[in-house]
Amino acid sequence: MREVMGMIFPGGDGDCLKPMTALRAKPAVPFNGKYRIIDFALNNFINSGNINIKILVEPLSQPLINQIT
């Protein structure tokens, strides 16, 4: 059985979410209370059995890093 590593490069322009993305990356925008947009992708990886996940970050990603750690 081969080892598989999932990689997520969260991001995007965020123009439609401009008021909420002024100080944070789009994946770190809150959704339904304590969750963030990136949680959907992470949940899909974990539910498919892939627990070896790497996340590549972009500018304004400190709130995203805080959410994940």
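A brief structural summary.

Conventions we followed
Residues numbered from 1 in each chain as written. Predicted model: local features only at pLDDT ≥ 70, side-chain atom pairs only at ≥ 80, totals over all residues. Heavy atoms only, no water. Helix = DSSP H or I, 4+ residues; strand = E, 2+ residues; numbered from the N terminus. Buried < 20%, exposed > 50% of the residue type's maximum accessible area, 1.4 Å probe, protein only. Contact = heavy atoms within 4.5 Å. Areas by Shrake-Rupley, 256 points an atom, 1.4 Å probe, with all protein chains shown as cover. Lys, Arg positive; Asp, Glu negative; His and termini not counted. Charge placed at Lys NZ, Arg CZ, Asp CG, Glu CD. Salt bridge = Lys/Arg side-chain N within 4 Å of Asp/Glu carboxyl O. Polar contact = N/O pair within 3.5 Å; in protein donor to acceptor, adjacent residues only side chain to side chain.

1. Here we look at the overall build of the protein chain
Reasoning step 1: When you go through the protein chain residue by residue, the secondary structure sums to 2 helices and 4 strands.
Reasoning step 2: Reading the secondary structure of the protein chain in the N-to-C direction produces β-β-β-α-β-α.
Reasoning step 3: Oriented by its inertia axes, the alpha-carbon framework of the protein chain measures out at about 45 × 25 × 20 Å.
Reasoning step 4: Here the protein chain holds 69 residues, and 26% of them are scored as buried.
Reasoning step 5: Partitioning the intrachain contacts of the protein chain with sequence separation of at least 6 by distance along the chain shows that 64% fall at a separation of at least 24.
Reasoning step 6: If you sum the accessible surface of the protein chain, you get close to 5,200 Å²; carbon and sulfur atoms cover 59% of it.
Reasoning step 7: If the 7 positive side-chain charges of the protein chain are averaged to one point and the 5 negative ones to another, these points end up 5 Å apart.

2. Some points on the side chain of Asp39
Reasoning step 1: Tracing the chain through its elements places Asp39 in helix α1 (residues 38-47).
Reasoning step 2: At 6.6 Å, Arg36 is the nearest oppositely charged side chain to Asp39, a buried residue that forms no salt bridge.
Reasoning step 3: Polar contacts involving the side chain of Asp39 include one to the main-chain amide nitrogen of Arg36, which spans 2.8 Å.

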